[in-house]
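Report on the structure
Chain by chain, the residues run as shown.
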Amino acid sequence: MDEKATSHENYAPGWPGLEPTWTSSAKSGVGTALDPESEVWFTTSHGILNEIYYGRIDQACTRDMGLIVTDGAGFFSEEKRDAHHQIAMLAPGVPAFRMTNTCRQERYTIEKEVLADPVRECVLQQTRFTPLQGELSSYHLYVLLSPHLGNWGHNNTAWVSEYKGAPMLFARREGFCLALACSSPWLNSSVGFVGKSDGWQDIHQHGQMEWHYTRAQNGNVALTGEIDLAATGGEFNLVVGFGSTPGEAGHRALASLLTPFEEARDQYVREWEAWQRTLLPLEAKAESVRDIYRISTAVLRTHEAKNFPGGFIASLSIPWGEVRGDDDLGGYHLVWPRDLVETAGGLLAVGGKEDMNRVLHYLHTTQEPNGHWPQNMWMDGTFYWTGMQVDETALPILLLELAHREGALHDSDRQRLWPMVRRAAGFVARAGPVTDQDRWEEDAGYTAFTLAAEIAALLIAADLADLEGEKELAHYMRETADAWNASIERWTYVKDTDIARQVGVEGYYVRIAPPGLSTAGSSVRGYVQIKNRPPDDSARLAQNVVSPDTLALVRFGLRAPDDPRILNTIKVIDAMLKVETPYGTSWHRYNDDGYGEQKDGSPFEGIGIGRAWPLLTGERAHYELAAGNTQAAQSLMHAMESFADIGGMIPEQVWDSADIPGQGLYCGRPTGSAMPLVWAHAEYVKLRRSLRDGRVFDMPPQTLERYVKKKTGSRHTIWRYNNKTRHMSVGKTLRVETLSPATLRWTSDGWQTAHNTELQATGLGVYYADLPTAKLEAGSAVEFTFHWHMEDRWQGENFTVQVA
């Protein structure tokens with residue numbers, strides 16, 4: 001197991017190998033053991049193991065591991081490319097897999113059972129090779145493993161050695177080590193640089209192994225071992241063990257080999273089945289399409305960290321991984337607080353109350369001092385991207401309320417978490433109503449989803465503030481929520497546009513950005529920004545950017561499903577964004593979305609065309625349920641199931657154009673985007689729960705009662721620096737808000753008289769003054785400026801609000 005080079009080494013040529021990339025994001029399975037002793041997670045696709053994550057769920061350590069079959073006389077078959085694939089769970093809701101790969105030329109079958117060792121950091125693969133033509137002795141079988149240790153394909157070192165007499169292949173990089181072992185000693189073994197001296201090149205050129213390199217140093221490396229078919233009778237076990245040293249990895253690999261596979265499998269299955277029994281039985285009894293409920297619950301739980309309980313990543317996949325390198329992981333095996341909240345809501349919907357408590361504890365731990373959470377982060381809370389999204393700070397407040405309402409949170413827990421909620425509500429109050437970025441990672445602006453999340457969060461926080469005896473704070477948050485809610489149409493509803501006339505509606509809700517923001521190009525995960533920013537706060541001058549995000553106004557209880565403005569917008573959404581596929585209906589995120597494959601099917605590399613999102617099918621189903629259209633909701637749920645791949649994984653996007661077989665793209669089938677998208681699976685299980693209950697599971701009751709049933713309005717128009725309103729209605733009180741203490745100097749008669757008013761502190765970092773403007777007549781104006789206390793200076797400019 002010695003990792004140090006010696007004078008007897010046979011060094012592989014071709015350093016450093018080809019530029020490393022990751023592999024297909026189209027996973028057919030994801031898995032991990034439930035025992036916290038086993039800190040490994042694995043993925044499968046195309047009949048083989050793909051990325052294995054070790055130590056932390058945000059650290060991928062392999063690219064893939066597959067088998068090659070030859071006959072030494074011209075037949076060369078790589079199972080991931082040259083075989084038909086089948087996959088099934090070993091038991092319902094247990095993410096251990098039985099894979100069957102049948103040669104396209106009907107020469108062989110390879111059957112595998114894959115799972116994680118439940119008590120150590122190893123992935124196990126029990127394998128059976130069966131010839132369909134000829135004898136076992138007619139074939140050579142090789143295993144190829146590509147290490148990418150610690151999220152890095154560069155600078156890996158591989159070597160041939162042994163641990164306690166057991167032959168193994170090793171790799172290491174900066175504190176990460178792996179050992180590949182087989183239940184039967186290798187007939188041949190070698191290491192090399194990918195594309196230059198690796199086993200694939202050797203076997204493809206020679207029909208068998210002729211290179212026997214013992215070391216490949218600091219590059220993009222691969223490990224190759226030949227299985228002794230004669231000695232094994234075609235049945236053998238492969239183990240990939242991990243550790244911080246070669247000895248640790250080798251020890252774990254050997255310990256797993258010496259443990260009967262059946263013993264590890266039984267414990268793995270038993271622990272998962274015990275967890276599944278704690279969940280609600282929401283499976284369908286008899287339906288015309290497959291039911292992926294238990295697959296989805298397993299997907300949700302699989303994406304949780306072991307050493308950071310309650311931390312869930314967005315996906316064990318790298319979108320378009322085949323063109324992604326070390327510096328471009330795609331951001332999906334990170335924690336996105338929004339996806340985390342959606343995942344936790346899904347777990348709560350199926351009865352996972354203990355899982356919910358771990359998530360709330362994780363959120364409490366990773367909250368920033370000013371109340372927000374990073375846009376996305378590593379498991380330890382370290383920022384990855386530096387942007388901020390107000391909805392990602394609002395949604396944890398909704399999650400806590402949902403947990404309390406579902407009986408997963410006791411009063412003592414609520415009181416313990418109140419400081420977290422208070423900080424988060426303060427951030428929402430300071431940063432809203434304009435968001436830094438919306439839920440699709442866009443530029444700042446007004447979007448229905450973010451506005452709905454912010455308003456609901458403030459109402460929920462107000463209820464909690466009342467319970468904690470902070471009555472004035474609760475009153476301020478409700479007034480703010482009311483004012484923002486009353487302004488939604490002013491900010492985001494447009495009338496008499498070309499699109500409105502084409503569709504035949506009066507108007508519709510749009511996404512809109514405030515003035516002064518620059519445009520930018522696309523990035524990853526959604527990121528084509530809106531061009532031609534509007535010059536003021538009137539949505540009438542906005543670009544016609546339409547999105548199903550509008551349905552959040554109903555989902556979060558701010559508008560009734562039969563509100564004429566909602567119905568108008570749905571007509572526009574369907575006219576512009578709806579997609580019919582052979583597998584069901586779905587929708588684009590918004591018009592001119594640029595996150596998806598290019599027109600010719602090439603992978604997304606900064607430019608592309610956004611495709612249909614199955615999770616939007618689930619969101620539309622929730623709207624239909626709220627509107628009383630249960631049959632439509634059921635049909636859309638079945639579409640979500642149909643969009644899943646052979647392993648039941650729901651993708652981020654499905655292809656919505658003509659088939660491109662050469663790119664593996666078929667209408668209604670998964671694209672190269674993330675798969676599984678945990679958020680999509682969470683939406684699916686929430687829909688299962690909602691349909692069972694006959695109501696939207698996660699709709700906040702506070703908003704529904706206040707705005708739909710009681711139709712509570714607002715007496716305020718709010719002016720603040722990120723929302724410099726220029727007009728207010730007759731009868732409104734103008735509330736001026738700042739984020740620093742100040743004296744407001746103002747006039748309503750063109751400075752014939754002037755008044756000084758001290759801004760009051762809210763306790764949330766917001767200061768405000770209510771001006772007596774309710775009796776001002778139309779055509780008058782309020783002008784004001786500030787004297788800032790901390791800097792002892794005047795603003796040096798005046799601001800005007802017209803009474804309309």
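Everything here concerns the structure above.
What comes next is a walk through the structure. (Residues numbered from 1 in each chain as written. Predicted model: local features only at pLDDT ≥ 70, side-chain atom pairs only at ≥ 80, totals over all residues. Heavy atoms only, no water.)

Notes on the overall build of the protein
The secondary structure content of the protein amounts to 19 helices and 31 strands. Its C-alpha radius of gyration of 29 Å places the protein within 12% of the 28 Å reference for a compact globule of 804 residues. Once the C-alpha set of the protein is aligned to its principal axes, its extents read approximately 100 × 55 × 50 Å. The 804 residues of the protein split such that 64% are buried. (Helix = DSSP H or I, 4+ residues; strand = E, 2+ residues; numbered from the N terminus. Rg over C-alpha atoms; globule rule 2.2 N^0.38 Å. Buried < 20%, exposed > 50% of the residue type's maximum accessible area, 1.4 Å probe, protein only.)

As for the packing of aromatic side chains
With the rule as written, the count across this model stands at 31 aromatic pairs. An angle of 80° between the planes, with centres 5.4 Å apart, marks the rings of W378 and Y384 as edge-to-face. With centroids separated by 5.0 Å and ring planes inclined at 70°, the aromatic side chains of Y493 and Y509 adopt a geometry described as edge-to-face. Of this pair, Y493 sits in strand β18 (residues 493-495) while Y509 sits in strand β19 (residues 507-509), placing them 16 residues apart in sequence. For the pair Y493 and Y509, a shared accessibility class is recorded, and that class is buried. What links up through ring pairs into an aromatic cluster is the set W719, Y721, F784, F786, W788 and F799. The ring of F75 has R107 lying over it, and the distance from NZ or CZ to the ring centre is 4.1 Å. Note that R669 overlies the ring of Y583, its terminal NZ or CZ placed 4.4 Å from the centroid. (Phe/Tyr/Trp six-rings, centres within 6.5 Å; stacked < 30°, edge-to-face > 60°. Lys NZ or Arg CZ within 6 Å of the ring centre and 35° of its normal.)

Quick look at the sheet that holds strand β13 (residues 176-182)
Taken together, 9 strands build an open sheet; the order of strands is β6-β7-β8-β9-β17-β13-β12-β11-β15 and the sheet is antiparallel. Of all the strands in the sheet, the pair left with one neighbour each is β6 (83-91) and β15 (215-219). In this sheet, neighbouring strand axes are inclined to one another by 20° on average, regardless of whether the strands run parallel or antiparallel. Across 3 bridges, strand β11 (residues 156-163) lies against β15 in antiparallel orientation. Bridging across to β15, W159 finds its partner in R215. Running at roughly 150° to strand β17 (residues 235-243), helix α4 (residues 246-258) makes contact with β9 (122-131), β11, β12 (166-173), β13 and β17 of the sheet. (Pairing = 2+ DSSP bridges. Axes fitted to C-alpha atoms, helices over the stretch in contact; angles between N-to-C directions. Contact = heavy atoms within 4.5 Å.)

Looking at the environment of D413
Tracing the sequence through the fold places D413 in helix α10 (residues 411-431). Taking the C-alpha atoms as reference, D413 lies 48 Å from E506; in sequence the two are 93 residues apart.

A word on the environment of H404
In this structure, H404 sits in helix α9 (residues 390-405). With relative accessibility at 30%, the residue H404 sits in the partly exposed group. Along the backbone, H404 and G779 are 375 residues apart, and their C-alpha atoms lie at a distance of 49 Å. In this view, H404 contacts L409, H410, D411 and R414; residues no more than four positions away in its chain are not counted.

A few points about the environment of D749
Within the secondary structure layout, D749 lies in the loop between β25 (742-747) and β26 (755-758). Residue D749 is classed as partly exposed on the basis of its relative accessible area, which comes to 28%. As for D749 and V143, which are separated by 606 residues in sequence, their C-alpha atoms are 84 Å apart. Among the polar contacts listed, one links the side chain of D749 to the side chain of T753, at a separation of 2.6 Å. (Polar contact = N/O pair within 3.5 Å; in protein donor to acceptor, adjacent residues only side chain to side chain.)

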